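In case you want the letters, here they are:
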Amino acid sequence: MPRPEITVSMLQDVLDAFNAHDVEAIMSFFTEDCVMEMPRGPAPGGRRLVGRQEVREGIRSWFEGIPDAHYEDDRHWVCGDRGVSEWTIRGTQRSGEPIEVRGCDLFEFADGRISRKDSFWKIVD
């Protein structure tokens, strides 16, 4: 059985699902054993979420923290089983503080889905 092709338009669709705050649509792009590495957390690599349930809850929590989060100024690349998305997130944190960060996601793919998403943010001081 041929593997589904990973394309730039798929990464755009993932970003569109994030902008719609549609957790189930986002999860449809991930493998069962997916890993998501958040930009903040208790270790230098951020907070590591493993498996669909942890990733789903992490995404929900992220939307709760920045309820109007929106990705803009995006560009995407795919090369074999790897991909990159660059973007700017704009929104308002629960504290009322605005947020605007430039960042990227590094992706790994397996069987036509995302097996790993590792996020990096440039934080403005």
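Anyway, here's the lowdown on the structure attached to this text. (Residues numbered from 1 in each chain as written. Predicted model: local features only at pLDDT ≥ 70, side-chain atom pairs only at ≥ 80, totals over all residues. Heavy atoms only, no water.)

## So, the side chain of Thr31
If you trace the backbone, Thr31 turns up in strand S1 (residues 30-37). On the basis of relative accessibility, which here comes to 10%, the residue Thr31 falls in the buried class. At 3.3 Å, the side chain of Thr31 and the backbone nitrogen of Cys34 are in polar contact. Discounting chain neighbours no more than four positions away, the residues touching Thr31 are Arg52, Ala110, Arg113, Ile114 and Ser115. (Helix = DSSP H or I, 4+ residues; strand = E, 2+ residues; numbered from the N terminus. Buried < 20%, exposed > 50% of the residue type's maximum accessible area, 1.4 Å probe, protein only. Polar contact = N/O pair within 3.5 Å; in protein donor to acceptor, adjacent residues only side chain to side chain. Contact = heavy atoms within 4.5 Å.)

## Re the environment of Ile89
Here Ile89 lies in strand S4 (residues 82-92). Overall, the relative accessible area of 0% leaves Ile89 in the buried class. Remark: the alpha-carbon pair of Ile89 and Ile66, spanning 23 residues in sequence, is separated by 9.9 Å.

## Observations concerning the sheet that holds strand S3 (residues 70-79)
Each strand in a sheet pairs with its neighbour through backbone hydrogen bonds, running either in the same direction (parallel) or in the opposite one (antiparallel). Reading across the sheet, the 6 strands line up as S2-S1-S6-S5-S4-S3 and stay open at both edges, with mixed pairing between neighbours. In this open sheet, the two edge strands, each paired with only one partner strand, are strand S2 (48-50) and S3. Averaged over all neighbouring strand pairs, the angle between strand axes comes to 15°, with direction disregarded. In terms of strand pairing, strand S5 (residues 98-110) meets strand S6 (residues 113-122) through 9 bridges, oriented antiparallel. (Pairing = 2+ DSSP bridges. Axes fitted to C-alpha atoms, helices over the stretch in contact; angles between N-to-C directions.)

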